[in-house]
Amino acid sequence: MLDKTFDPAKIEASRYGQWERSGAFAAHPGSDKVPWCVMMPPPNVTGSLHIGHALNMTLQDVLTRWNRMNGRDALWMPGTDHAGIATQMVVERKLEEKGKSRRDMGREAFLEEVWKWKAESGGAIVNQVRRLGATPDWPRERFTMDAGLSRAVLKVFVRLHKEGLIYRDKRLVNWDPKLHTAISDLEVEQKEQKGKMWHIRYPIEGDKERFITVATTRPETMLGDTAVAVHPEDDRYRDLVGKFAVLPISGRPVPIIADEYSDPEKGSGAVKITPAHDFNDFEVGKRHNLPMINVFDIDAKINENGPEAYRGLDRYDARKKILQELEEMDLLAKVEDIKNTLPYGDRSGVVIEPFLTDQWYVDAKTLAQPAIEAVKTGKTKFVPQQWENTYFAWMKDIQPWCISRQLWWGHQIPAWYGPEGSIFVAETEEEAQKEANARFGEKVIIKRDPDVLDTWFSSALWPFSTLGWPDKTRELDKYYPGDVLITSFDIIFFWVARMMMMGIHFMGDVPFKTVYIHALVRDSKGQKMSKSKGNVVDPLELVEKYGADALRFTLTAMAAQGRDIRLSEDRVEGYRNFATKIWNAARYCEMNGCKLDPAFDPASAAYTPNRWVIGEVAATQAAIDKALEAYKFNDAAGAVYQFVWGTFCDWYLEFTKPVLQGGGDAAEEVKKTTAWVFDQILILLNPFMPFLSEELYEHMADRPKDFMLMASEWPRYPEKMRDMKALIEMAWLIRFISEIRSVRADMNVPAAAKIRLLVKGADKDTKERIQKYDEILRRMARLEKIDLSEALPPKGSIQTVVDEATLIMPIAGIIDLDKERERLKKEIIKLQDNIQKIDQKLANRQFVDNAPEEVVEEQRARRAEAETVLKKFSQALKQLEAA
């Protein structure tokens with residue numbers, strides 16, 4: 001006998017261990033089954049499972065389990081990312097606690113410490129993924145710095161360099177002055193704060209009475225100005241174009257140039273151009289062939305290019321000194337208080353500096369063209385489709401990709417520097433040495449580039465490097481390209497686009513046929529989760545409290561395409577109650593002797609509710625399939641939820657209770673049908689709630705030893721299983737009972753009160769059905785008796801209509817009609833006021849334009865709901881006033 005209550009904690013760990021030991025997660029490249037493949041976005045080896053991971057992993061697992069059960073050779077490829085900066089910082093902090101630093105240790109000793117940390121503590125996140133019930137092929141787990149992937153990285157770098165698609169260049173990068181490395185845009189956090197705009201007067205060379213005013217939020221960068229730009233059609237400055245302004249403090253003359261980057265409507269219409277310290281200015285500088293003067297060192301202190309009195313000053317100390325001097329020179333025209341956005345390093349927490357430096361780059365523009373074409377022609381599709389626009393926007397405006405990082409942890413760049421500025425790129429030092437010796441005709445000293453590659457470089461190779469490339473493997477032949485990639489919108493450019501570029505270039509084909517972009521998980525109020533707001537939801541805490549199945553089902557049920565998830569603990573608790581409902585249904589089956597009969601043929605069922613529920617099983621399976629094929633996860637979860645809670649538990653079990661209690665052949669058929677349907681429920685539920693379904697599947701019937709539900713075949717039902725006559729008849733019965741229940745609720749009729757029902761205008765079918773289901777109708781609608789009557793309704797009656805028949809319920813003796821009229825009037829006024837308030841909100845353009853889309857949609861949904869209830873209450877009041 002099952003325990004009285006479902007306890008997820010009691011079964012999850014042991015169940016998962018059983019699954020993993022069984023080998024049921026494994027792909028079989030040698031089999032002749034049709035392949036299906038999804039690549040796990042590799043979480044950082046330093047990471048902990050957050051709610052976004054939980055959503056992503058759940059959706060991947062739902063698809064993997066469903067495809068596996070459908071007979072596909074499913075490969076869900078797991079792995080972790082070496083996470084260059086994050087991992088290096090973790091290990092450096094640990095060393096600092098022991099009074100050590102990586103600089104003192106040297107590169108080799110430090111890397112030994114990192115690998116040691118990785119072996120002991122890294123990858124905790126993969127065990128957290130296991131807590132969710134995820135079923136990737138764990139023995140295939142890869143790491144972006146394992147030997148095979150490192151070999152792939154070297155080959156790709158060397159080949160792209162030979163093809164001229166990797167090169168070294170001096171460009172602006174996001175520079176972290178604390179970590180001393182270039183970082184990607186994704187590692188930059190934009191923060192709004194209070195700031196100032198300083199308006200500075202630059203004297204015109206040769207005209208002591210004339211000045212041109214520029215505005216800046218960063219006066220310290222003026223030391224690196226190399227021009228002042230005005231719009232070519234700005235008449236105010238037309239005569240100044242070609243002349244020079246004198247840079248205050250340094251006294252250096254800079255040309256006044258005409259460029260459309262300058263906006264005549266903004267400020268004075270003139271802008272200072274600092275190509276070495278601003279990304280927009282860098283482009284202006286390239287267009288006008290301006291000098292690019294870097295005035296900061298790697299610590300963001302003034303370097304040798306600044307005036308002598310400023311050298312060695314921190315950028316903010318330099319700012320204070322500059323402003324003081326400008327004030328004394330009477331060149332500070334105005335100071336404004338403003339709100340502006342500053343870029344911070346997400347790891348270091350310091351303001352990032354646009355910094356001119358030599359780095360390695362990928363010619364992303366060339367690689368992007370085939371990747372753009374692949375999406376245009378439909379070789380790879382985005383779901384939802386609107387994300388294609390984001391992809392195209394980024395790809396069409398793509399810049400050279402900076403791939404070098406000034407770190408020690410990562411793939412060291414396979415480039416060696418020789419005499420006379422020569423560079424040798426090769427897979428090994430021996431090859432590079434050989435090339436260098438051949439170039440110079442003698443043995444020369446070469447030194448390897450100390451930088452490492454951007455983490456995204458190795459991640460871009462993930463879909464094929466994990467399958468064994470550059471070797472020709474069975475896995476590569478069978479599972480590339482993958483079927484789908486599931487990921488979030490924020491890395492469409494950083495990861496998805498780069499996998500597309502690399503996959504097409506090295507494999508000749510796209511890396512995946514579909515890219516499913518899942519929603520952002522927000523808090524219950526629609527706010528983005530952040531530690532500073534204190535609204536971060538820990539998925540592992542939810543698993544502890546409610547079980548993995550409840551969290552999985554919540555995330556799946558809320559994963560509607562194009563709509564962010566507003567996660568509340570109440571929703572998780574609600575789906576935990578769903579799990580409890582299923583558990584209780586299993587106990588009901590046990591207590592009523594509903595045991596699975598392997599010989600039972602569903603097609604043999606004669607009793608109408610049995611034929612109906614069997615047909616609804618088939619309809620549910622079809623709905624799940626249709627939804628998952630279209631990546632409509634919420635519809636798939638909704639289909640199984642509605643069937644289990646509504647059709648099976650609320651209706652079928654209630655319909656058939658008297659039959660079970662009555663005994664005989666009818667009861668036997670109901671027992672067999674109930675057991676068969678519940679068995680099918682567990683199969684259909686398995687991709688969504690694997691722990692609960694597996695536990696009950698093992699318990700509810702005699703199965704072969706060690707047979708697991710997850711290894712079962714996904715059901716396929718013949719079309720004839722859907723008996724349309726039974727479907728129509730039971731749909732009528734549900735409508736009839738639901739309408740009476742609804743009217744009772746609207747009129748506040750006590751649940752225990754049994755009322756008389758008069759049915760007027762019933763046709764032949766309705767009369768037959770009323771007679772056939774008299775007991776069910778009376779029991780489930782709480783009716784004293786049902787009479788067919790064509791007479792006028794008794795005084796104090798309320799009426800409703802089901803199909804052609806009018807249902808009349810005399811309730812005058814059961815409720816106080818006057819009191820009920822007053823209650824309804826008050827409710828109607830309250831609803832009208834509520835609708836009016838919502839209308840005022842929605843009519844406010846400022847609210848609609850500025851509020852998150854989810855908040856606006858919620859207001860519209862609330863209004864629609866209030867309108868529906870208002871209509872019901874208005875009709876009920878009208879009935880009562882006529883009664």
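Residues numbered from 1 in each chain as written. Predicted model: local features only at pLDDT ≥ 70, side-chain atom pairs only at ≥ 80, totals over all residues. Heavy atoms only, no water.

### Let's talk about the overall build of the chain
The number of helices and strands found in the chain is 29 helices and 29 strands. Counting only C-alpha atoms, the chain reaches 110 × 65 × 55 Å along its principal axes. Counting all 883 residues of the chain, 53% fall into the buried class. As displayed, the chain has an accessible area near 40,300 Å², and 48% of this comes from carbon and sulfur atoms. (Helix = DSSP H or I, 4+ residues; strand = E, 2+ residues; numbered from the N terminus. Buried < 20%, exposed > 50% of the residue type's maximum accessible area, 1.4 Å probe, protein only. Areas by Shrake-Rupley, 256 points an atom, 1.4 Å probe, with all protein chains shown as cover.)

### A few points about the sheet that holds strand β28 (residues 797-802)
Spatial ordering of the open sheet is given by β27-β26-β29-β28, a layout of four strands whose pairing is mixed. Whereas interior strands pair on both sides, the edge strands pair on one side only; in this sheet they are β27 (783-788) and β28. Put simply, the sheet's adjacent strands are angled 25 degrees from each other on average, direction ignored. Sitting on the sheet, helix α24 (residues 724-746) is in contact with β26 (755-760), β27, β28 and β29 (805-810), with an inclination near 150 degrees to β28. (Pairing = 2+ DSSP bridges. Axes fitted to C-alpha atoms, helices over the stretch in contact; angles between N-to-C directions. Contact = heavy atoms within 4.5 Å.)

### Let's talk about the nonpolar core
Grouped together as the largest cluster of nonpolar side chains are 151 residues, with contacts concentrated most on F553, F633, F648, F655, F678, L696 and F736. Considering every element that reaches this core, the biggest residue donor is helix α21 (residues 633-662), with 15 residues. A152, L165, A364 and I372 belong to the second largest nonpolar core, which has 63 residues in total. (Core = buried A, V, L, I, M, F, W, Y, C linked by side-chain atoms within 4.5 Å.)

### Details of helix α12 (residues 429-440)
At 3.6 residues per turn, the α-helix brings residues three or four places apart onto the same side. In a regular helix each residue adds 1.5 Å, so 12 residues correspond to 16 Å; α12 covers 16 Å between its end C-alpha atoms and thus fits that length. Restricting attention to buried positions, one finds in α12 the residues A432, Q433 and A436. Buried residues of α12, seen end-on, are gathered within an arc of 100 degrees and therefore sit on one face of the element. With respect to the buried face of α12, the exposed residues turned more than 90 degrees away are E430, K434 and A438. Turning to α12, the residues buried within the fold contact β18 (415-417) and β19 (423-425). Following α12 by one or two positions, G441 adopts a phi angle in the positive range, close to 75 degrees. (Expected span 1.5 Å × (residues − 1). Arc of directions from axis to C-beta.)

### Quick notes on helix α6 (residues 124-131)
Along α6, the positions that sit buried rather than exposed are I125, V126, Q128, V129 and R130. In this structure, the buried side of α6 is in contact with α1 (8-22), α2 (51-69), β3 (79-80) and α17 (539-546). At the C-terminal side of α6, G133 shows a positive phi close to 90 degrees.

### So, the side chain of D81
Assignment of secondary structure puts D81 in the loop between β3 and α3 (84-97). Of the side chains bearing the opposite charge, R347 lies closest to the buried D81, which forms no salt bridge; the N-O distance is 8.8 Å. The residues contacting D81, other than those within four sequence positions of it, are P42, P43, N44, V45, F143, T144, T455 and S459. (Lys, Arg positive; Asp, Glu negative; His and termini not counted. Salt bridge = Lys/Arg side-chain N within 4 Å of Asp/Glu carboxyl O.)

### Some remarks on a positive patch on the surface
A contiguous patch of positive charge, built from R93, K94, K98, K100, K116, K178 and R347, is present on the exposed surface. Within the secondary structure, R347 is located in the loop between β13 (332-345) and β14 (353-362). (Patch = residues over 30% accessible without salt bridge, like charges linked within 9 Å, V, L, I, M, F, W, Y side chains within 5 Å. Charge placed at Lys NZ, Arg CZ, Asp CG, Glu CD.)

### Thoughts on unusual backbone geometry
Here the bond from V383 into P384 is cis, since omega is -5 degrees, no more than 30 degrees from zero. Mapped onto the fold, P384 is located in the loop between β15 (381-383) and α11 (387-396). Put simply, W469 and P470 share a cis peptide bond, and its omega is 15 degrees. Relative to the helices and strands, P470 is located in the loop between α14 (462-465) and α15 (474-479). In this structure, I249 takes a positive phi of about 75 degrees despite not being glycine.

### Some details on the pattern of salt bridges
This model, assessed by the stated rule, comprises 61 salt bridges. Here E353 and R315 are joined by a salt bridge, their closest N and O atoms 2.8 Å apart. Here E353 is found in strand β14, whereas its partner R315 is found in helix α9 (residues 315-328), with 38 residues between them in sequence. Take E353: its relative accessible area is 2%, and that puts it in the buried class. For R315, a relative accessible area of 5% gives the class buried. In this structure, K785 and D787 form a salt bridge, with 3.5 Å as the shortest nitrogen-oxygen distance. Residue class for D787 comes out buried when judged on its relative accessible area of 18%. It is possible to trace a salt-bridge network through shared partners that takes in E654, K657, E775 and R779.

### Quick notes on the packing of helix α18 (residues 548-557) against α21
Look at α18 against α21: their axes get within 7 Å of each other, and the N-to-C directions meet at 120 degrees. In terms of their interaxial angle, α18 and α21 are classed as oblique. Side by side, α18 and α21 meet where F553, T556 and A557 of the first sit next to F633, N634, A637, V640 and Y641 of the second. Split into classes, the residues belonging to the contact of α18 with α21 amount to six nonpolar, two polar and no charged. (Parallel < 35°, antiparallel > 145°, perpendicular 65-115°, else oblique. Nonpolar A, V, L, I, M, F, W, Y, C, P; charged D, E, K, R; others polar.)

### Some thoughts on the packing of helix α20 (residues 608-629) against α24
Remark: α20 packs on α24, axes separated minimally by 9 Å, with the N-to-C direction vectors making an angle of 100 degrees. Considering the angle they form, α20 stands roughly perpendicular to α24. Between α20 and α24, the contacting residues are T608, P609, R611, W612 and E616 on the first element and A726, L727, E729, M730 and I734 on the second. Classifying every residue of the contact of α20 with α24 by side-chain character gives six nonpolar, one polar and three charged.

### A few points about the sheet that holds strand β20 (residues 447-448)
Strands pair in a sheet through their backbones, by hydrogen bonds, and they do so in one of two ways: parallel or antiparallel. Reading across from one edge, β19-β18-β20 is the order of the three strands in this open sheet, with antiparallel pairing throughout. Of all the strands in the sheet, just β19 and β20 have a single pairing partner and so form its edges. Judged from the three bridges that link them, β18 and β19 form a sheet pairing that is antiparallel. If you follow A415 over to β19, its bridge partner there is V425. Relative to β19, α12 is tilted by about 140 degrees, and along the sheet it contacts β18 and β19.

### Quick word on the environment of F707
You can see F707 is positioned in the loop between α23 (690-700) and α24. Put simply, F707 and S22 are 685 residues apart on the chain and 9.7 Å apart in space, counted from C-alpha to C-alpha. Those residues within four positions of F707 in sequence are excluded, and the remaining contacts are Y697 and S712.

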